[in-house]
Amino acid sequence: MERSEYLRMAAQEGSMWWYRALHARLLDLCAPDRLAAGRTLLDAGCGTGGLLARLVAQRPDLVLAGLEYDGEAAAIARSKTGRPVTAGSVHAMPFADAQFDAIVSADVLCHAGVDPGLALAEFHRCLRPGGLLVLNLPAYQWMASAHDAHVGNVRRFTAGECRRLAAAAGFGPVETGYWNSLLFPLMLLHRLAAGRSDAHSDVRAFPAWQDRLFFTATAVERRLARTGLALPFGGSVWVRARKA
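The structure contained in this document is the topic of the report that follows. (Residues numbered from 1 in each chain as written. Predicted model: local features only at pLDDT ≥ 70, side-chain atom pairs only at ≥ 80, totals over all residues. Heavy atoms only, no water.)

What follows is about the overall build of the protein. Each helix and strand in the protein was counted, giving nine helices and seven strands. Relative to the 2.2 N^0.38 estimate, which gives 18 Å for 244 residues, the radius of gyration of the protein is 17 Å and therefore close to what a compact globule would have. Based on the C-alpha atoms only, the size of the protein along its principal axes is roughly 45 × 40 × 30 Å. Taking all contacts inside the protein whose residues are at least 6 apart in sequence as the whole, residues at least 24 apart take part in 77%. As displayed, the protein offers around 10500 Å² of accessible surface, 60% of which is attributable to carbon and sulfur atoms. Positive and negative side-chain charges of the protein, numbering 27 and 22 respectively, have mean locations separated by a distance of 5 Å. (Helix = DSSP H or I, 4+ residues; strand = E, 2+ residues; numbered from the N terminus. Rg over C-alpha atoms; globule rule 2.2 N^0.38 Å. Contact = heavy atoms within 4.5 Å. Areas by Shrake-Rupley, 256 points an atom, 1.4 Å probe, with all protein chains shown as cover. Lys, Arg positive; Asp, Glu negative; His and termini not counted. Charge placed at Lys NZ, Arg CZ, Asp CG, Glu CD.)

Let's shift gears to the pairing of strand β4 (residues 100-106). Regular strands have side chains that alternate between both faces of the sheet. Across the seven residues of β4, seven count as buried, placing the element largely inside the fold. One ladder, built from six bridges, connects β4 with strand β5 (residues 127-138); its direction is parallel. Considered in β5, the bridge of S105 is made with L135. Each parallel crossover has a hand, and for β4 linked through helix α5 (residues 116-126) to β5 it is right-handed. (Buried < 20%, exposed > 50% of the residue type's maximum accessible area, 1.4 Å probe, protein only. Pairing = 2+ DSSP bridges. Right-handed = clockwise from strand over helix to strand, strands pointing away.)

Scanning all chains against the criterion turns up 11 aromatic pairs. Taking the centre distance of 6.3 Å and the plane angle of 80° together, the rings of W142 and F184 count as edge-to-face. Residue W142 is found in the loop between β5 and α6 (146-151), and its partner F184 is found in helix α8 (residues 184-194); the two are separated by 42 residues along the sequence. Each ring, one from F184 and one from F233, has its centre 5.8 Å from the other, and the planes form 50°; the classification is tilted. Here the residue F184 occupies a position in helix α8, and F233 occupies one in the loop between α9 (208-226) and β7 (236-243), the gap between them amounting to 49 residues. Overall, the relative accessible area of 8% leaves F184 in the buried class. (Phe/Tyr/Trp six-rings, centres within 6.5 Å; stacked < 30°, edge-to-face > 60°.)

For the rest of this paragraph, the subject is the layout of surface pockets. A volume near 410 Å³ is recorded for the second largest pocket. In terms of lining residues, the second largest pocket is bounded by 21 residues, among which R25, R222, A225, R226 and W238 are the most central. Sorting elements by how many residues they give to the lining of the second largest pocket places α9 first, with five residues. Per-class residue counts for the lining of the second largest pocket are 10 nonpolar, two polar and nine charged. (1 Å grid on protein atoms, 1.4 Å probe; cavity = no way out; pocket = protein on both sides within 12 Å on 5 of 7 lines; lining within 4 Å. Points joined across faces, edges and corners; volume = space filled by probe spheres on them. Nonpolar A, V, L, I, M, F, W, Y, C, P; charged D, E, K, R; others polar.)

Taken together, the side chains of L182, L231 and F233 present a nonpolar region at the surface, about 230 Å² in accessible area. Note on F233: relative accessible area 30%, which makes it partly exposed. (Patch = residues over 30% accessible without salt bridge, like charges linked within 9 Å, V, L, I, M, F, W, Y side chains within 5 Å. Salt bridge = Lys/Arg side-chain N within 4 Å of Asp/Glu carboxyl O.)

What the seven strands build is an open sheet, ordered β3-β2-β1-β4-β5-β7-β6; its pairing is mixed. Only two strands of the sheet have a single neighbouring strand rather than two, namely β3 (85-87) and β6 (171-179). Mean inter-strand twist for the sheet, computed between neighbouring axes without regard to direction, equals 15°. Summarising the sheet, strand β1 (residues 40-44) and strand β2 (residues 63-68) pair through five bridges and their orientation is parallel. When the bridges of β2 are listed, L42 appears paired with A65. (Axes fitted to C-alpha atoms, helices over the stretch in contact; angles between N-to-C directions.)

Once that is clear, we can look at the nonpolar core. Judged by nonpolar contacts, the single largest core of 37 residues is most densely connected at L42, I103, L109, F123 and F171. Aside from chain neighbours lying at most four places away, what touches I103 is L42, A44, M93, F123, C126, L127, L132, L133 and V134. The next biggest cluster of nonpolar side chains, apart from the first, holds 34 residues, and it includes M9, Y19, L62 and A77. (Core = buried A, V, L, I, M, F, W, Y, C linked by side-chain atoms within 4.5 Å.)

Next up on the list: the environment of A219. Within the secondary structure, A219 sits in helix α9. Relative accessible area serves as the criterion here: at 13%, A219 is assigned to the buried category. Along the sequence, A219 and A21 sit 198 residues apart, while their C-alpha atoms lie 7.3 Å from each other.

In structure tokens form, the structure reads like this:
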């Protein structure tokens, strides 16, 4: 990822609608009925600590830690969260076998320097039997844009691909789905209009009214998801699985 993107992420991930929506979605996927108090959770590829900070605030009952490849980003995450954040690779995580009850990883397997199969094998190794895996990944390779280039993404996924990858690494059962569906038509129009020539990524401050509107759309979608209603497409793929 470009150095400027780490700094942009650090500045925006506590306030920008996209990060707030992402973190809310991931918290839903590892709610207390899925991950009880006192359990250990690793944020694998935690960047500058936005999700980890949200977990500290929303799930103080968990024992939380982070892993981040970039040393400067890891230092920012440690300062932001007050939790241990280790500098290291998801290909060879510096943790013992079966050390964690849950691993959450947001938009990491899509990066240029990451082999999804190797990373998932490491997640499997470091989870306890029955441990929870939660992933978020960008959807659809044909949606690749200048934003992906700025943040180092070289691959995007379908729900089916995610399900097959997780199952091949030994996880089961594997649940997958899409989210950011209500805003997906706008995302598609933006991609078509901007192409691959944008000078900046999509990480930026939005006008207050627009930020509220976009976040409200994702909040409505989350409420519908709790009732079992979800659209079969979206800007991102979520994965929830257990170590078999």
